[in-house]
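Listed below are the residues making up each chain.
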Amino acid sequence: MQAVQDAVQGGSELFGQDLARLDALGGGVTAREIAQQPAVWPQIDALVTAQRAQIDAFLAPLLARPELRIVMAGAGTSAFIGECLAPGLLRQGRRADAVPTTDLVSGPDRYFQRGAPTLVVSFGRSGSSPESVAAVQLADQLVDDVYHLVITCNEEGQLYRMTQDRANALAILLPDATHDRGFAMTTSFTSMLLAAALAFRVLAPDVGARIAPAATQVGERALPLLTQLVAQDFKRVVYLGSNELRGLAREASLKLLELTDGQVVAIHDSPLGFRHGPKTIVDDQTLVVVLLSNDPQARRYDLDLLRELRGDRRAGRVLALSAQGDAAPDDDTFVFTGADAAQDLELALPYVVFCQGFAFLRSLSMGVRPDTPSMSGTVNRVVRGVTIYPFMSPVDSEAVHVPRG
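Bear in mind that the values here come from a model prediction, so they are computed numbers and not experimental data.

When helices and strands are counted, the chain shows 17 helices and 14 strands. By the compact-globule yardstick of 22 Å for 405 residues, the chain fits well, its C-alpha radius of gyration being 21 Å. Projected onto the principal axes, the alpha-carbon positions of the chain cover approximately 60 × 45 × 40 Å. The burial tally for the chain puts 57% of its 405 residues in the buried class. Sequence separation of at least 24 residues holds for 75% of the intrachain contacts in the chain that already meet a minimum separation of 6. In the structure as shown, the chain presents an accessible area of about 16,300 Å², 50% of it carried by carbon and sulfur atoms. Between the averaged position of the 36 positive side-chain charges in the chain and that of its 46 negative side-chain charges there is a distance of 3 Å.

Now the structure itself:
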């Protein structure tokens, strides 16, 4: 933790602004948490490596079962981790589904299958969201052969405590630096994604250290571009990404909505899907951000749409994030050098740091306090006001009671 703090606070500025001023503007916590991520990721590498034997002892017997179903669950940003990870697990031949806990709670019989052996992977920054706790309890009650892998940032959270002393459960507790204190999930998102990818061997060991230099380029080279984008005062922003990067596009759009207190309209889609109706949102007050894939198949489609959008000349600006230099013009493309061989799930890490940085600076430009952006106070860091109801089974008409955590 101290090493991370030293790395972030080595200078007196973040995002081109004095740290004391950022604190006064209500954004110092979020700024530090965005900036610290490249320093945190090697810690995640080391943590998973140190726990490799324990992780394998739990996961290997389950993954050896071809009938195993993997359900990746979380609420909000935590749900998007599963969306990013699912394509990689499917490529491994796994049966993997990303299902938000908000869906699991409202319709558990649509998503849990009693006879299918199931590993529920729960992601949680706080580990205490009502839906996430209830989803674990519902899985225990509705699935005959169920196991739980919890990846969380909070030792005091209910998810972490629920896994202790259970033979069918394992928790991976991430370092305290990942437990974001700001409203928006930043370090927690990338760290839980990285930990899961390493645990399931979707990404190779030491990937955090390898991709960290690309992410540091946001602070080193991207600030003039980010400042320019903020100054253009776009009222709408569209994030587009294919496969693993589609889940990331969803997270990027949520970050902008959260940090601007909903004052900037942000949506997401895939490049191919965008043509099928959503493209109508584009006007001269719209910024479109295309998250270019490194996968040759997906990249061809990404570049086709990029050229189309630029040729339409309807958007206020069409920006590409890329790890390769074939998306000219250069002034509308930010290239992360040294990442041209990275898998798309790796690229998600530096890409999202850029998107977080834009959302943060846009928030400041609008007079919003990024650490606590909800001016009305009706949206909270840990969701409140959720009533968890007993599940009434349509088969036997008996209520399945879910105890309150």
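Looking now at the domain arrangement of the chain. For the chain, the domain assignment lists domain 1 (17–205) and domain 2 (210–374). Its C-alpha centre places domain 1 at a distance of 24 Å from the equivalent point of domain 2. Each partner contributes to the interface: domain 1 provides 37 residues, whereas domain 2 provides 34 residues. Sorting the residues of domain 1 by area buried against domain 2 places Trp-41, Phe-80 and Phe-183 first, and these three jointly supply 20% of that buried surface. There are one salt bridge connecting domain 1 and domain 2. Put simply, Glu-83 and Arg-250 hold a salt bridge, and the shortest N to O gap is 2.5 Å. Here domain 1 is connected to domain 2 by 12 residue pairs in polar contact (both at pLDDT 80 or more). Looking at the side of domain 1 that touches domain 2 residue by residue, the class counts come to 23 nonpolar, 12 polar and two charged.

In space, the five strands of this open sheet follow the order 9-8-10-11-12, with parallel pairing throughout. Where the open sheet ends on each side, the last strands, each with one partner, are strand 9 (265–269) and strand 12 (333–335). The average angle at which neighbouring strand axes cross in this sheet is 15 degrees, direction not considered. With five bridges joining them, strand 10 (residues 286–291) and strand 11 (residues 317–322) adopt parallel strand pairing.

The subject of this paragraph is the pairing of strand 4 (residues 95–98). It is a general feature of regular strands that their side chains alternate between the two faces of the sheet. Note that strand 3 (residues 69–73) and strand 4 share four bridges and pair parallel. In the sheet register, Ile-70 faces strand 4, and the bridge partner there is Ala-96.

At 3.6 residues per turn, the α-helix brings residues three or four places apart onto the same side. The end-to-end C-alpha separation of helix 9 (residues 130–142) is 18 Å, in line with the 18 Å expected for 13 residues at 1.5 Å each. Judged by how many residues are buried, helix 9 sits mostly within the fold: 10 of 13 residues are covered. Residues of helix 9 that are buried include every one of Glu-131, Ser-132, Val-133, Ala-134, Ala-135, Val-136, Gln-137, Leu-138, Ala-139 and Leu-142, and no others.

Let us look at the pattern of salt bridges. Here the structure, examined in full by the defined rule, presents 23 salt bridges. Between Arg-32 and Asp-23 there is a salt bridge, and its shortest N-O distance comes to 2.8 Å. Residue Asp-23 is classed as partly exposed on the basis of its relative accessible area, which comes to 39%. With a shortest N-O distance of 2.7 Å, Lys-235 and Asp-233 are connected by a salt bridge. For Lys-235, a relative accessible area of 35% corresponds to the partly exposed category.

This next bit is on the packing of aromatic side chains. In this structure the tally under the stated criterion is four aromatic pairs. A centroid spacing of 5.0 Å and a plane angle of 80 degrees characterise the contact between Phe-334 and Phe-336, whose relative ring orientation is edge-to-face. Residue class for Phe-336 comes out buried when judged on its relative accessible area of 0%. Here the aromatic residues Phe-334, Phe-336, Tyr-351 and Phe-354 are joined through ring pairs into a cluster of three or more.

Under the UniProt annotation, "domain: SIS" (unreviewed entry) lies at residues 59–209 and 226–373. Counted over residues 59–209, helix gives 43% and strand 19%. Its end C-alpha atoms are 24 Å apart.

Pairing is parallel in the open sheet, where five strands are placed in the order 4-3-5-6-7. Edge positions in the open sheet fall to strand 4 and strand 7 (169–173), since each of these has one partner strand only. Going across the sheet, the axis of each strand differs from the next one's by a mean of 15 degrees, ignoring polarity. Along the sheet, helix 11 (residues 187–199) contacts strand 5 (118–124), strand 6 (146–152) and strand 7; its crossing angle with strand 6, the most-contacted strand, is approximately 135 degrees.

Put simply, the chain has an average pLDDT of 92, and 91% of its residues get 70 or more. For residues 1–9, every residue scores under 50 in pLDDT, and the model assigns this stretch 12 contacts once sequence neighbours within four places are set aside.

Cut-offs used in this document
- Residues numbered from 1 in each chain as written.
- Predicted model: local features only at pLDDT ≥ 70, side-chain atom pairs only at ≥ 80, totals over all residues.
- Heavy atoms only, no water.
- Helix = DSSP H or I, 4+ residues; strand = E, 2+ residues; numbered from the N terminus.
- Rg over C-alpha atoms; globule rule 2.2 N^0.38 Å.
- Buried < 20%, exposed > 50% of the residue type's maximum accessible area, 1.4 Å probe, protein only.
- Contact = heavy atoms within 4.5 Å.
- Areas by Shrake-Rupley, 256 points an atom, 1.4 Å probe, with all protein chains shown as cover.
- Lys, Arg positive; Asp, Glu negative; His and termini not counted.
- Charge placed at Lys NZ, Arg CZ, Asp CG, Glu CD.
- Domains from an automatic or database assignment.
- Buried area = accessible area lost by both parts, 1.4 Å probe.
- Salt bridge = Lys/Arg side-chain N within 4 Å of Asp/Glu carboxyl O.
- Polar contact = N/O pair within 3.5 Å; in protein donor to acceptor, adjacent residues only side chain to side chain.
- Nonpolar A, V, L, I, M, F, W, Y, C, P; charged D, E, K, R; others polar.
- Pairing = 2+ DSSP bridges.
- Axes fitted to C-alpha atoms, helices over the stretch in contact; angles between N-to-C directions.
- Expected span 1.5 Å × (residues − 1).
- Phe/Tyr/Trp six-rings, centres within 6.5 Å; stacked < 30°, edge-to-face > 60°.
- UniProt positions renumbered as here; feature names shortened; annotations may be inferred.
- pLDDT = per-residue confidence, 0-100.

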